[in-house]
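Notes for the structure review
Residue strings, one per chain:
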Amino acid sequence: MKALARALCALAYFSASASAQAVDASASIASPLSLVRPEDAGFSAEGLARLASFMRTATTAPGYLGAVTLIARDGRVVDWQAYGHRDLARSKPMTKDAIFRIYSMTKTVATVAALMLVDEGKLALDAPIARDLPEFGAMQVYIGGSADAPVLRPATTPITLRHLLTHTAGFATGGEGYEEPTRMLER
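Our subject in this report is the structure included herewith. (Residues numbered from 1 in each chain as written. Predicted model: local features only at pLDDT ≥ 70, side-chain atom pairs only at ≥ 80, totals over all residues. Heavy atoms only, no water.)

Some remarks on the overall build of the protein chain
For the record, the criterion: Helix and strand assignments follow DSSP, with helices taken as H or I runs no shorter than four residues and strands as E runs no shorter than two, numbered in order from the N terminus. The cut-offs for exposure are 20% and 50% of the maximum accessible area for each residue type, with area from a 1.4 Å probe on protein chains only; residues under the lower value are buried, those over the upper are exposed, and the others partly exposed. Two residues qualify as a contact provided that any one of their heavy atoms is within 4.5 Å of a heavy atom in the partner residue.
The helix and strand inventory of the protein chain stands at 4 helices and 5 strands. The buried share among the 187 residues of the protein chain stands at 29%. Across the protein chain, the fraction of contacts at a sequence separation of at least 24, relative to all contacts at a separation of at least 6, is 63%.

And the structure:
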């Protein structure tokens, strides 16, 4: 888990919307820290190759422009890459020194913190969250009705940290103009 948490920390932010375009910060790109071979810092070159493959695939998908990753350990850069493009026309390649507008980073930061606590043995991915947050002990699932008169039943399984981190807890979302509750996941 610690490696996963570190990798999540190191991932720069996807440009997920048309308004979030990266721009050049400078003409020259210098490493912010000293460089080290992955193996010398305890990283697997094969694992980093899998990350690079994932990032290349993800940044070619519609809706994502590009990303920058930087993985460091003990003050030394293990891997630093730019993927995809920094403009909607996909004519300008992403650069390592691109500046990003950051949206909705609360989920990323909370996920990294939670995974660090899992790594330290202070949280468990599959333990019911009601153990620490009793308010979530008697959850109900929407099975019909309307927003004014919902039909609910007791959930058959408890919500876990894994559900929260993977957005499979079954919470409905809505906002302005929201009329019907979203059908929650069957548990």
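After presenting the structure, the write-up continues.
Describing the sheet that holds strand β1 (residues 34–35)
How we decide: The pairing criterion is simple: DSSP has to find at least two bridges between the two strands. Helix axes are fitted to C-alpha atoms over the stretch in contact, other axes to C-alpha atoms as well, and angles between N-to-C directions run from 0 to 180 degrees.
Strands sit in the order β1-β3-β2 across an open sheet of 3 strands; the sheet is mixed. Looking at strand neighbours, the two that pair on one side only are β1 and β2 (66–73), the edges of this open sheet. Sheet analysis places β2 next to strand β3 (residues 76–84), joined by 8 bridges and oriented antiparallel. Bridge pairing in β3 links Arg 73 to Arg 76. Running at roughly 25° to β3, helix α2 (residues 45–60) makes contact with β2 and β3 of the sheet.

Regarding the pairing of β3
As defined by bridge partners, β1 adjoins β3 across 2 bridges and the pair is classed as parallel. Residue pairing in the sheet places Leu 35 in a bridge with Val 77 of β3. Connecting β2 to the next strand, β3, in antiparallel fashion are 2 residues, including Asp 74 with a positive phi near 55°.

So, the packing of aromatic side chains
Short version of the rule: Within 6.5 Å between ring centres, the rings of Phe, Tyr and Trp (the latter by its six-membered ring) count as paired, and their orientation is classed by plane angle as stacked under 30 degrees, edge-to-face over 60, tilted in between.
Counted according to the given criterion, the structure contains 1 aromatic pair. With a centroid separation of 6.1 Å and an interplanar angle of 75°, the aromatic rings of Phe 136 and Phe 171 are classed as edge-to-face. With Phe 136 in the loop between α3 (106–119) and β4 (140–145) and Phe 171 in the segment after α4 (161–165), the pair connects residues that are 35 residues apart, well separated along the chain. Taking relative accessible area as the criterion, Phe 136 reaches 29% and is therefore assigned partly exposed.

Details of unusual backbone geometry
The phi torsion at Asp 74 lies on the positive side, around 55°, for a residue other than glycine. Residue His 167 is not a glycine yet carries a positive backbone phi of 55°. Counting through the fold element by element, His 167 comes out in the segment after α4.

From the geometry alone we can't say anything about function, so treat these as descriptive.
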